[in-house]
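Take a look at the letters that make up each chain.
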Amino acid sequence: MGKRNFKTGKGFTKRDKKETDGNGQWTDVKRENEKWENYYKSSGLIPDDEWDTFKEHCQRDLPLTFRITGSRKHALEVNQKFIDDHVSKLQDEEFEGQKLAPKNIEFYPAKLGWQLDVPKSVIRKNAQFADTQRFLVLETVVGNISRQEAVSMIPPLLMDVKPHHAVLDMCAAPGSKTAQLVEALHANDEQELASGFVIANDSDYKRSHMLVHQVKRLNSPNFLVVNHDASMFPRINIDGQIVKFDRILCDVPCSGDGTMRKNVNVWKDFTVGNGLGLHSLQVNILNRGLQLLKPGGRLVYSTCSMSPIENEAVVAEAMRKWNATVKIKDCSEELPGLKRRPGVSNWKVYGKDMNVREKGDESVPASAFPPSEEEAKQFHLDRCIRVYPHLQNTGGFFITVFEKEGTDNQKGAKRAASTEAEVDSKKQKIEPSAEAPQKKQKAPRTANEEPFVFLDPENDQLKSCWEFYGINDKFPKNTALVRNAMGEPARVIYYVSPSIASILKIEEQKLKLVHAGIKMFTVQRNDSSNCPWRVQSESLHTLKNFLSGSRSLFCNTNILQVLLQEAFLKIETLRETGLDNEFCDKLEGISEGCLFLTVKREGLEDAIFPLWKGRSNVNLMVNKQDTQELLMRLFNIATSAKDEGKEKKHQKEIESKRSSEQPEEMKEESNNKSKDAETEA
């Protein structure tokens, strides 16, 4: 994670690859920096015989990488589609001597991670990539793939998240790793819904709202976004019990010098002072994370920096404070395809003037210096993981996995308790960190500041939904909520998992809440059906195992193809196709309103959609992007980003029909009015 508000951070525009010359003209940023070269050459981290290859990779653009997401069956289906339609076709293609065929990321499980050894700019501009680019865009929009830098995928994989875990992402924005954690939490949803939760935190208010956009497509009711300085993350007290986390990701703000392949401003902005200035903040965040970690839990510390000052020095300081209860896990057997180097126990400390500092020099933090020989033997810093760009054509990254000992270690437990109490007592004395907002920021226009108000399960509107849709009592009906001061269902009813509900219901709430919940029902005004509340697509995954079947229908893929292409199709017309008479018979026997439509697919995962039944027609309630993706993936029907979608197409057909049915005198009058208007203009 790059430093906040620092030009080696995230969110760069294309212009960041340019700089102005003396004449005010834009030129490419020069990928050279003497300070960077001197610092890393003298560090000894890169062997001399590898330096040229290392530097050459640092100067190249990153390859495009992504991973397939979703449930096991669904991910395998999307993956096979990519192999059949794209990997095979690009097998013999080349660009400037570079093979274009996608290849698996060696360390990503189940061969669901992919890498194309050319930058995004090449893929966007070359005709041979047109179909693949369209595939990537559509699947990304609907959430079937996640474009993410390869090294960024490593920390969540090493966290080993299970569906029952309480998970905290301390510095989460923009959210690609957070999304991975949420996906891992829901990995076994087809058997049983996750009981754990993921809390995503970021100190920057606007960036915390970026998290909502990034993870919202996963439709998780077990996800909460909050806004705090990570070094002083508040305790969560539920009925007298302090929440401790099974898994914590501590991807701290850093100088970001491992991101120079995508953030080229690192080349001109690099100084040793960048890492030194963040060291103390990194120590404080890691220490707070270890305080919040449950005994037996796992914390992953990571940076996108290659400097020992931001990495091993921070880890060593944590080990000094927590050595009785914390150990660095040996992960050499995990992710076997990952090419890595061990952490180091000795390094030079430079001041901002690039002169070497000795231990005791007060111009740099004391914790920045290497451990003593005795400490080095105890800490096992060699278990830290270093990833360099030239090892696997990636960015640079650093990862350390901590494990907390169980409570049976009384001496260790006492030491941990005293450490935690000491830090809590000093919280108010900590100077404002670089991560903490220095002034109150205005919320984005899209920010929703309304409260979370839970509805009584016996609420009349809510009860009508349970009864109309046949949702049984095994579903947790006491975790439905609204986001308005009145506390009444007006437009939208949301749902959160019981684990998130217990946090949101805390009376003396210390958390600065940003987002939680998925839309379950939205009201449809002037509705002639028995229930004016429509089920939302994002909640179907959660609801589907609790339905009585009273409003459930099944159909074959032929019917689905028609419904994806035609809006508000007459039931009579659908019957005339002869594609699924049993479906049409059952459809006519169900009252108006929203239905649950399940599409049975032999050997593949069933798909479920909300279907609206009117007096004489039906409409599949799937948005344009999802429709285009389904047509492509299931039926090989190509679409364009410019396509209007079936609803707009239907509306235009109605307007055209109305126009053609106008009497001739009305048409003539309308044309005369148009001519008069043109004359006046």
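Everything quoted here is computed from the prediction, not taken from an experiment.

### Focus: the overall build of the protein
Within the protein, the secondary structure is distributed over 23 helices and 32 strands. Residues counted as buried form 53% of the 681 residues belonging to the protein. For the protein, contacts bridging at least 24 residues in sequence account for 75% of all contacts bridging at least 6. By element, 46% of the accessible surface of the protein is carried by carbon and sulfur atoms, the whole surface being about 32,400 Å².

### Brief notes about the UniProt feature "active site" (unreviewed entry) in the protein
Under the feature "active site" (unreviewed entry), the UniProt entry names Cys304. Its location among the elements puts Cys304 in the loop between strand 15 (293-303) and helix 11 (312-322).

### Some points on the pattern of salt bridges
Under the definition given, this model contains 34 salt bridges. A salt bridge links Arg341 to Glu50; its shortest N-O distance comes to 3.1 Å. With a gap of 291 residues between them, Arg341 in strand 17 (residues 341-342) and Glu50 in the loop between helix 1 (34-43) and helix 2 (51-59) connect regions that are remote in the sequence. Glu582 is the partner of Lys586 in a salt bridge, and the nearest nitrogen-oxygen pair spans 3.6 Å. Highlighted residues: Lys586 and Glu582, both in helix 20 (residues 581-588), separated by four residues, approximately one helical turn. Shared partners join several salt bridges into a network, and the residues in it are Glu32, Glu37, Lys41 and Lys55.

### Digging into the packing of helix 10 (residues 272-292) against helix 11
Following both chains from N to C, one finds helix 10 and helix 11 inclined at 45 degrees, their axes separated by 9 Å at the closest point. Relative to helix 11, the element helix 10 is oriented oblique. When the axes of helix 10 and helix 11 are compared, the crossing they make is right-handed. Judged by residue contacts, His279, Gln282, Val283, Leu286, Asn287, Leu290 and Gln291 of helix 10 engage Ala313, Val314, Val315, Glu317, Ala318, Lys321 and Trp322 from helix 11. Across the contact of helix 10 with helix 11, the residue classes tally to eight nonpolar, four polar and two charged.

### Observations regarding helix 11
Among the 11 residues of helix 11, nine are classified as buried, and the element is accordingly described as predominantly covered. Residues Glu312, Ala313, Val314, Val315, Ala316, Glu317, Ala318, Met319 and Trp322 constitute the buried set of helix 11.

### Brief notes about the sheet that holds strand 7 (residues 113-116)
On the basis of which strands lie adjacent, the open sheet formed by four strands has the order 6-7-3-8 and antiparallel pairing. At either end of the open sheet lies a strand with only one pairing partner, and these are strand 6 (103-104) and strand 8 (145-147). Relative to strand 7, strand 6 is paired through two bridges, and the arrangement is antiparallel. Each residue of the ladder has a partner; that of Asn104, found in strand 7, is Trp114.

### What to know about empty space enclosed by the protein
This structure, assessed with the given rule, holds three cavities of 30 Å³ or more. Approximately 60 Å³ is the volume attributed to the largest cavity. Taken together, Tyr39, Ser255, Asp257, Phe270, Thr271, Val272, Asn274, Gly275, Leu276, Ser307, Ile309 and Glu310 form the lining of the largest cavity. Among the elements that make up the lining of the largest cavity, the one with the highest residue count is helix 10 (four residues). Looking at the lining of the largest cavity residue by residue, the class counts come to five nonpolar, five polar and two charged.

### Comments concerning helix 8 (residues 205-216)
Over its 12 residues, helix 8 runs 17 Å from end to end, which matches the ideal 16 Å to within 8%, given 1.5 Å per residue. Where helix 8 is concerned, the buried positions are Tyr205, Arg207, Ser208, His209, Leu211, Val212 and Val215. For helix 8, the elements touching its buried residues are helix 7 (176-185), strand 10 (197-201), strand 11 (223-226) and strand 25 (513-516). For helix 8, the N-terminal cap is Asp204; the gap from its side-chain oxygen to the backbone nitrogen of Lys206 is 3.0 Å.

### Some points on the packing of aromatic side chains
For the coordinates displayed, the defined rule picks out 22 aromatic pairs. Their ring planes at 45 degrees and their centres at 6.1 Å tell us that Tyr39 and Phe270 sit as a pair that is tilted. Remark: Phe270 occurs in the loop between helix 9 (265-269) and helix 10 and Tyr39 occurs in helix 1; sequence separation between them is 231 residues. The exposure class assigned to Tyr39 is buried, which follows from its relative accessible area of 4%. In this structure Phe270 comes out as buried when scored by relative accessible area, which is 6%. Judged by centre distance (5.3 Å) and plane angle (70 degrees), the rings of Phe475 and Phe546 are edge-to-face. With a gap of 71 residues between them, Phe475 in the loop between helix 15 (460-469) and strand 23 (480-482) and Phe546 in the loop between helix 17 (537-543) and strand 28 (552-555) connect regions that are remote in the sequence. With respect to burial, Phe475 and Phe546 carry one shared label: buried. Taken together, the ring pairs connect Trp36, Tyr39, Tyr40, Trp51, Phe54, Trp267, Phe270, Tyr350 and Tyr388 into an aromatic cluster. Over the ring of Phe454 we find Lys505; its NZ or CZ atom is 4.7 Å from the centre of that ring.

### Looking at the confidence of the model for the protein
Residues at a pLDDT of 70 or more form 86% of the protein, whose mean pLDDT is 87. Predicted confidence is poor over residues 425-448, with pLDDT under 50, and the contacts of this stretch with residues over four places away or in other chains come to 36 contacts.

### A word on the pairing of strand 10
A regular strand places its side chains so that they alternate between the two faces of the sheet. The buried fraction of strand 10 is high, at five of five residues. On strand 10, burial covers both faces: Phe197, Ile199 and Asn201 on one face and Val198 and Ala200 on the other are all buried. As judged from the four bridges shared by strand 9 (residues 166-169) and strand 10, these two strands associate in the parallel manner. By the bridge assignment for strand 10, Asp169 is matched with Ala200. In this structure, strand 10 lies alongside strand 11, joined through four bridges in parallel fashion. What sits directly across from Ala200, in strand 11, is Val225.

Parameters and conventions
Residues numbered from 1 in each chain as written. Predicted model: local features only at pLDDT ≥ 70, side-chain atom pairs only at ≥ 80, totals over all residues. Heavy atoms only, no water. Helix = DSSP H or I, 4+ residues; strand = E, 2+ residues; numbered from the N terminus. Buried < 20%, exposed > 50% of the residue type's maximum accessible area, 1.4 Å probe, protein only. Contact = heavy atoms within 4.5 Å. Areas by Shrake-Rupley, 256 points an atom, 1.4 Å probe, with all protein chains shown as cover. UniProt positions renumbered as here; feature names shortened; annotations may be inferred. Salt bridge = Lys/Arg side-chain N within 4 Å of Asp/Glu carboxyl O. Axes fitted to C-alpha atoms, helices over the stretch in contact; angles between N-to-C directions. Parallel < 35°, antiparallel > 145°, perpendicular 65-115°, else oblique. Left-handed = near helix turned anticlockwise from the far one by under 90°. Nonpolar A, V, L, I, M, F, W, Y, C, P; charged D, E, K, R; others polar. Pairing = 2+ DSSP bridges. 1 Å grid on protein atoms, 1.4 Å probe; cavity = no way out; pocket = protein on both sides within 12 Å on 5 of 7 lines; lining within 4 Å. Points joined across faces, edges and corners; volume = space filled by probe spheres on them. Expected span 1.5 Å × (residues − 1). Polar contact = N/O pair within 3.5 Å; in protein donor to acceptor, adjacent residues only side chain to side chain. Phe/Tyr/Trp six-rings, centres within 6.5 Å; stacked < 30°, edge-to-face > 60°. Lys NZ or Arg CZ within 6 Å of the ring centre and 35° of its normal. pLDDT = per-residue confidence, 0-100.

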